[in-house]
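Given next are the chains, with one letter for each unit.
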Amino acid sequence: MKALVALILLVQLPIHKAAPAAPPAPLGCDDPESEAAAEAAVNYINGHSHHGYKFVLNQIENIRVLRQGANNEIIFLELDLLETTCHILSPTPLANCTVRSFTDHAVEGDCDVKLQKVNGELSVLASKCHSNADSNEDIHDVCPDCPLLALSNDTEVLATVTEALSDYNSKNAGAYLKLLEIGRAKIQYHPAHIVFVEFAVAATNCSTEEANVEACQLLPDHQSNFGFCTATKVIRPTQELQVNCQVYGHQVPTPDTPFLSRVLQSTTAGLVPGVVQGFINHNLRLSHNNPLASESLSSEFSASMLSAKSVARRAVAEVAQRDKVPRPVGFVPPPPPCPGKIHHFKI
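Rules and cut-offs
- Residues numbered from 1 in each chain as written.
- Predicted model: local features only at pLDDT ≥ 70, side-chain atom pairs only at ≥ 80, totals over all residues.
- Heavy atoms only, no water.
- Helix = DSSP H or I, 4+ residues; strand = E, 2+ residues; numbered from the N terminus.
- Expected span 1.5 Å × (residues − 1).
- Buried < 20%, exposed > 50% of the residue type's maximum accessible area, 1.4 Å probe, protein only.
- Salt bridge = Lys/Arg side-chain N within 4 Å of Asp/Glu carboxyl O.
- Pairing = 2+ DSSP bridges.
- Core = buried A, V, L, I, M, F, W, Y, C linked by side-chain atoms within 4.5 Å.
- Contact = heavy atoms within 4.5 Å.
- Phe/Tyr/Trp six-rings, centres within 6.5 Å; stacked < 30°, edge-to-face > 60°.
- Lys NZ or Arg CZ within 6 Å of the ring centre and 35° of its normal.
- Disulfide = S-S within 2.5 Å.

1. Remarks on helix 2 (residues 32-47)
Counted at 1.5 Å a residue, the expected span for helix 2 with its 16 residues is 22 Å, and the 22 Å between its end C-alpha atoms agrees. Inspection of helix 2 places S34, A37, A38, A41, V42, Y44, I45, N46 and G47 among the buried residues, and these make up the whole buried set.

Next up, the structure:
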């Protein structure tokens, strides 16, 4: 009888199921995994830019991770970038490129990037970027005499580029160099009148000794040499021109530099349309879907990014609401996971 009662009691005891595993903690903007994803994103952006300069990471503004299953994640990043002094054609590794200083009229890039991480391997699915130069007012508040960015089709800018390239070709033997694009230009009016220009060049099928250089054509992609020039022209109080060109030599396109052929194809006339239209900086304006991506991306990328941003805004609001609750004396709330640290400076 005692055994029967014990059995009945045992059957009636509640069965305790194992608690479900807690979801992983949200990824913070300064976590190593976030930094690795941002590095892959920046490399992708620079590798698919057609004009202007390379950009570096300045800050991870937000990150959102969607778990797709075991060892499969979709990562959404909002990135703040800064322009460097390395042209997009420069073979200089990004780690060795100098971030353009605030007083050199810095340019900031904003990018939304979608990545996939499968078995620890990151790949970029899509990206959207744009960039803007810092305001003239901000520059002059810090440096009243600093020259400001000028339009690429400004008459003084075009005259300086033409004179500088002609001067270089006349003094250097070898292939005749032709203009690819004007990277940027600045004009200073006080206390002296000075024009500063930066421009990319490429070798042609002519030598500098040939007379009819107007007929010279850019070499095919697999033969061409690229270069980058800076020039300073003093207009007042004296007339003076200084030109410095660095020719990189022939570069064979690799998976890390797929932009070379596209840059050359878009500049076959030797003068990009942007020079005619006029701009003060090359806007990234990058909207790119990876053709190798394993999923359809059309409008889904924009919708997902908007969803990620709304979730982030709700999370910030919830934290703000919780912070209104009285805390014990000495309580120190944990730091917010985003935005992340500023690597250089904030515009």
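2. Looking at the pattern of salt bridges
Inspection of every chain in the model, using the stated rule, returns twelve salt bridges. As a salt-bridge pair, K346 and D80 come within 3.3 Å of each other at their nearest N and O atoms. Residue K346 is located in the segment after helix 7 (300-322), and its partner D80 is located in strand 2 (residues 72-87); the two are separated by 266 residues in the primary sequence. A residue is classified by how much of its surface remains accessible, and K346, at 40% relative accessible area, is partly exposed. Here D80 falls in the buried class, since its relative accessible area comes to 0%. The network of salt bridges with common partners includes E83, R100, D104, R184, K186 and E198.

3. Regarding the pairing of strand 3 (residues 107-118)
Each regular strand carries side chains that alternate between the two faces of the sheet. With respect to burial, strand 3 is a largely interior element, ten of its twelve residues being buried. Strand direction decides the pairing type here: strand 2 and strand 3, joined by eleven bridges, are antiparallel. Residue pairing in the sheet places E73 in a bridge with K117 of strand 3. Pairing of strand 3 with strand 4 (residues 121-133) involves twelve bridges; the strand directions are antiparallel. Paired with V113 across the two strands is S127, which belongs to strand 4. Counting the residues that bridge the hairpin from strand 3 to strand 4 gives two residues, and of these N119 lies at a positive phi of roughly 50 degrees.

4. Concerning the nonpolar core
Ranked by size, the top nonpolar core spans 25 residues in total, and within it I63, L77, L79, L81, C111 and V113 carry the most contacts. Mapped by element, the contributors of at least two residues to this core are helix 2, strand 1 (53-69), strand 2, strand 3 and strand 4. Ignoring any residue separated from it by four or fewer positions in sequence, one finds C111 in contact with I45, L77, E78, L79, L81, K128, C129 and L284.

5. Observations regarding the packing of aromatic side chains
Considering all chains together, one arrives at two aromatic pairs under this definition. Judged by centre distance (6.4 Å) and plane angle (90 degrees), the rings of F102 and F345 are edge-to-face. Of the two residues, F102 is situated in the loop between strand 2 and strand 3 and F345 in the segment after helix 7; the sequence distance between them amounts to 243 residues. Its relative accessible area of 23% is what places F345 among the partly exposed residues. One residue, R100, lies across the ring of Y53, its end atom 4.8 Å from the ring centre.

6. Quick look at the state of the cysteines
As used in these notes, a disulfide is a covalent bond between sulfur atoms, one from each of two cysteines. Counted under the stated rule, the structure contains six disulfides. Between C86 and C97 runs a disulfide, and the two sulfur atoms are separated by 2.2 Å. Measuring handedness by torsion sign, the sulfur bridge of C86 and C97 sits at about -110 degrees and is left-handed. Of this pair, C86 sits in strand 2 while C97 is found in the loop between strand 2 and strand 3, placing the two residues eleven residues apart along the sequence. In terms of burial, C86 and C97 fall into one category: buried. The partner cysteine of C229 in its disulfide is C245, sulfur to sulfur 2.0 Å.

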